[in-house]
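Chain and residue survey
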Amino acid sequence: MAQDDLNRLTIDKKRYTPGGTGTRRPRIVAAVVLIALLLGLWTFISRRSVEVEVATVSLIYPSQTFSLLNASGYVVAQRKAAVSSKATGRLEWLGVEEGSVVRQGQLLARLENRDVAAAKGEASAAVSAAQDNLEQAGVEQKDAARALSRAKELIGQGIIAQADYDTAEARYQRAVAAVAAARANVRQAQSALKGADASLDYTLIRAPFDGVVLTKNADVGDIVSPLAAAANAKAAVVTMADMGSLQVEADVSEANLARVKVGQPCEILLDALPDVRFRGALYTIVPTADRSKGSVMVKVRFLDKDPRILPEMSAKVAFLERELRPGEGTPRVGLPPAAVLHRDGKDYVFKVVRDRAQLTPVALGGKLGDLVQVDSGVKAGDRIATKPLDKLRDGSRVKTAEK
């Protein structure tokens, strides 16, 4: 038994000799630890976000690169009328509504006019009676003229007395005066008829020019009065404007007045139509200043007509250095030159999608002011990184600082 215990205390030399299994285990452990450290480092690097400055790809018009001055204003119709009647009466019929296109002289509305129509009928009858009286007086004049002619022959032959001749002559003179009076009565009756006709026409409200009805100010049954002095009376039936006379009225600072001139090409942008720009020209500079604003009003006319342009729309006007050339009215896509990465003879940008940077090839065009034109690769509204491009790789995680 004692001998067995002593044998157990014997050292196994093979276990600790070089190349034995006892030296392999620390190496394996060290390799595993190194791999874990490398994986952790790679995970840390891949998850670390690079802070980048970001810009937005914009849609730019070539005219913006040679614009001298910008001003804001409103679209105003130069021909506008609140259409009413010269007479006072109850509105009996209304034939238009908002948006109706009307022609000059077209009947828009009618007031109650039975009394005026009756007065016109009476005046017309008076004209007929006066013309009948004129015809009767003319017949009487002819008869008196024949009687006077016979009296002249008879008195020359000594057949009738001088008194008879004088009577025939007086009768002729009375007939001539009666014809003159009848003619005057006809003119008087015709003038009365014209007055009655005008009074009747005052109850018929017509369009003063070609245009579009903007607002309806009265309804059937309302009392219409040119002065609107009565309670609840309406001064105007409709308001209309000539859409061909639309111009933009804008205020230009007195300090910049020397930079604009009549006939200068302009570009008009309406807030209601942000994707469309209209060609314009400076029509007139109003010869007075507004002392409270320190500005002068200018009027810019539209060179392009569009039914979507409406009065009182808010507008911005760009006064251009020169006229637009063909093709310059089309918007272009532009981006900052700092966002372009040149690599292997090609151009790239880092497009930021969510929290990743995507290396995207682009085709560039010419300069657009401070920007560079992009023909393909990105579109307006895309976000792109501007710096630091040297720290980015395709797929890099980024956090953005908007520029």
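Residues numbered from 1 in each chain as written. Predicted model: local features only at pLDDT ≥ 70, side-chain atom pairs only at ≥ 80, totals over all residues. Heavy atoms only, no water.

1. Topic: the sheet that holds strand S8 (residues 204-206)
Spatially, the 4 strands line up as an open sheet ordered S8-S7-S5-S10, and their pairing is antiparallel. The two strands at the open ends of the sheet, each matched to only one other strand, are S8 and strand S10 (223-224). Sheet analysis places strand S7 (residues 107-111) next to S8, joined by 3 bridges and oriented antiparallel. Across the sheet, Ala109 pairs through a bridge with Ile205, a residue of S8. (Pairing = 2+ DSSP bridges. Helix = DSSP H or I, 4+ residues; strand = E, 2+ residues; numbered from the N terminus.)

2. What to know about the pattern of salt bridges
Where charged atoms of side chains with opposite charge meet at close range, the side chains can pair. Counted under the stated rule, the structure contains 21 salt bridges. Among the ionic pairs, Asp197 bridges to Lys120, the shortest N-O distance being 2.8 Å. With Asp197 in helix H4 (residues 162-202) and Lys120 in helix H3 (residues 114-157), this residue pair connects regions lying 77 residues apart in the sequence. Accessibility expressed as a relative area gives 35% for Asp197, which makes it partly exposed. When the shortest N-O distance is used, the salt bridge between Glu249 and Lys299 registers 3.8 Å. Linking Glu249 in strand S12 (residues 246-253) with Lys299 in strand S15 (residues 295-302), this pair joins segments that are 50 residues apart in sequence. Of the residues examined, Lys299 reaches a relative accessible area of 18% and is grouped as buried. Several salt bridges converge on common partners, so that one network encompasses Arg90, Glu92, Arg110, Glu112 and Arg114. (Salt bridge = Lys/Arg side-chain N within 4 Å of Asp/Glu carboxyl O. Buried < 20%, exposed > 50% of the residue type's maximum accessible area, 1.4 Å probe, protein only.)

3. Comments concerning the nonpolar core
Judged by nonpolar contacts, the single largest core of 24 residues is most densely connected at Val75, Val248, Ile268, Leu270, Val300 and Phe319. Of all the secondary structure elements, the ones that give two or more residues to this core are strand S3 (67-77), S12, strand S13 (265-270), strand S14 (273-290), S15 and strand S16 (314-320). Discounting residues that sit within four places of it in the chain, Val75 has contacts with Leu246, Gln247, Val248, Leu270, Phe302, Ile309, Leu310, Pro311, Glu312, Met313 and Ala315. Counting 18 residues, the second-largest nonpolar core is a separate cluster that includes Val102, Leu111, Ile205 and Ala207. (Core = buried A, V, L, I, M, F, W, Y, C linked by side-chain atoms within 4.5 Å. Contact = heavy atoms within 4.5 Å.)

4. Section: the pairing of strand S19 (residues 346-353)
For a regular strand, side-chain orientation follows a simple rule: the groups alternate between the two sheet faces. As paired strands, strand S18 (residues 341-343) and S19 are joined by 3 bridges and run antiparallel to one another. Bridging from a neighbouring strand, Arg343 pairs with Lys346 of S19. The turn linking S18 back onto S19 is made up of 2 residues, and Asp344 within it adopts a positive phi angle of 55 degrees. Relative to strand S20 (residues 356-361), S19 is paired through 6 bridges, and the arrangement is antiparallel. The residue bridging Phe350 from the neighbouring strand is Leu359, located in S20. Linkage of S19 to S20, two consecutive antiparallel strands, is achieved through a turn of 2 residues, within which Arg354 is found at a positive phi near 60 degrees.

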